[in-house]
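# Fold and geometry: a report
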Amino acid sequence: KPSSAASDVYKKQDNRRVNMNLETIELDKKDKVATIKLNRPKLLNAVNEQLVWDFQEATEDVKNDDDIRVVILKGSGRGFSAGADLSERSTSWKGSKDALIRGYKPFFKNIIEMPKPVIGSIAGPAAGIGAAIAMSCDLRVMSDDSYILSVFSNIALVPDGGLSWYLPKYMGFSKAYEHAIEAKKISAHECLNYGIANKVVPLEELESTTHTWAEHLAKRSSQSLNHTKRLMRESLQVSYWDTFHDEAEIQNELTVSSQNREAVKAFFEKREPDFN
């Protein structure tokens, strides 16, 4: 890994700006919400090797931070991410497979497996590997001028980062294949129709809408958010009865939990539950 400097974390009340010697990413934590911002705005947050390592570190940090309930993933400047930085000339990768397995897979794994929801806040283009990063989030808020783009066929490649798995799940095989081989944009409103986007808002409302949603989710039961994410992620690969029995096991534990007791008590007292 290129950077080996020790992490430096400081706190100020409940608002934490975390400096982990990340060169290409900003990580902020406030009120149980972490924001990971891809920060190469001059290149539309194109992904170079340093960003890969920084992204691994940032996602690992928030994954293991028990104070964080919700994560927001966004890009700085005019777009989410234009994809891989094709101008990068020197890397440590021993071919594309090495980059994907040793570099990209760990941060995708962190996003998918972390026990808390990840909201993608998508402005402008989410293209190439940027599209795969956007699709790996659990939820997505998109600005009305944003789009998802599998751009790989323009440079004679196939979609990667799991994009060949995600797009057919949402769009069906034929439409996903069409958009991939023709490198056609999937507009924000098309994404809403396909279920890729949860919300589409004007660009000037994107940040406030995303943060309001994240703050709302952070007040809900963390065990419900976390276990529901795992159950639904795993349901895409297992049978109905596998999921049924997993639900039964988890429910058996949660119905005797302190959060469940607080929620039931709040219901009868006609108030909002306090899960803190």
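About the thresholds
Residues numbered from 1 in each chain as written. Predicted model: local features only at pLDDT ≥ 70, side-chain atom pairs only at ≥ 80, totals over all residues. Heavy atoms only, no water. Core = buried A, V, L, I, M, F, W, Y, C linked by side-chain atoms within 4.5 Å. Buried < 20%, exposed > 50% of the residue type's maximum accessible area, 1.4 Å probe, protein only. Contact = heavy atoms within 4.5 Å. Helix = DSSP H or I, 4+ residues; strand = E, 2+ residues; numbered from the N terminus. Pairing = 2+ DSSP bridges. Patch = residues over 30% accessible without salt bridge, like charges linked within 9 Å, V, L, I, M, F, W, Y side chains within 5 Å. Areas by Shrake-Rupley, 256 points an atom, 1.4 Å probe, with all protein chains shown as cover. Salt bridge = Lys/Arg side-chain N within 4 Å of Asp/Glu carboxyl O. Lys, Arg positive; Asp, Glu negative; His and termini not counted. Charge placed at Lys NZ, Arg CZ, Asp CG, Glu CD. Right-handed = clockwise from strand over helix to strand, strands pointing away.

Right, let's get into the nonpolar core. Among the nonpolar cores identified, the biggest contains 48 residues, and Ile-36, Phe-55 and Leu-73 are the most heavily contacted of them. With residues up to four places along the chain from it excluded, the contact list for Phe-55 reads Ile-25, Ile-36, Leu-38, Leu-73, Phe-107, Ile-111 and Ile-133. Listed in part, the 13 residues of the second largest apolar core include Val-33, Val-141, Val-201 and Trp-213.

What follows concerns the pairing of strand β4 (residues 33-38). Taking burial as the measure, the 6 residues of β4 include 5 buried ones, the bulk of the element. By the bridge criterion, 6 bridges tie strand β3 (residues 25-30) to β4 in an arrangement that is antiparallel. Note that in β4 the partner of Asp-28 across the bridge is Thr-35. The hairpin turn running from β3 into β4, its antiparallel successor, is 2 residues long, and Asp-31 in that turn takes a positive phi close to 50°. Of the pairings in the sheet, the one linking β4 to strand β5 (residues 70-75) comprises 6 bridges and is parallel in character.

The subject of this paragraph is unusual backbone geometry. Excluding glycine, a negative phi dihedral is what most residues carry, and trans is how most peptide bonds are arranged. For Asp-31, which is not glycine, the phi torsion reads 50° and is therefore positive. Tracing the sequence through the fold places Asp-31 in the loop between β3 and β4.

The next subject is a negative patch on the surface. On the surface, a cluster of negative charge is contributed by Asp-144, Asp-145, Glu-204 and Glu-205. Of note, Asp-144 is situated in the loop between β8 (139-143) and β9 (147-149). With a relative accessible area of 39%, Asp-144 lands in the partly exposed category.

What follows deals with the sheet that holds strand β7 (residues 125-127). Strand pairing in a sheet relies on backbone hydrogen bonds. The paired strands run either parallel or antiparallel. The mixed open sheet is built from 3 strands, whose spatial order is β7-β9-β10. Looking at strand neighbours, the two that pair on one side only are β7 and β10 (186-187), the edges of this open sheet. As judged from the 2 bridges shared by β9 and β10, these two strands associate in the antiparallel manner. Bridge assignment links Ile-148 to a residue of β10, and that residue is Ile-186.

In this structure, Asp-242 sits in helix α9 (residues 240-254). A relative accessible area of 41% means that Asp-242 is categorised as partly exposed. When the C-alpha positions of Asp-242 and Leu-73 are compared, they lie 31 Å apart, and in sequence the two are 169 residues distant.

The subject of this paragraph is the pairing of β5. Burial of β5 is extensive: 6 of the 6 residues sit out of reach of the surface. The parallel pair β4 and β5 is bridged by helix α1 (residues 49-63), and the resulting crossover is right-handed. Bridging between β5 and strand β6 (residues 118-122) involves 4 bridges; their strand directions are parallel. For Leu-73, the partnering residue across the bridge sits in β6 and is Gly-120. Note that the unit made of β5, helix α2 (residues 96-113) and β6 has a crossover that is right-handed.

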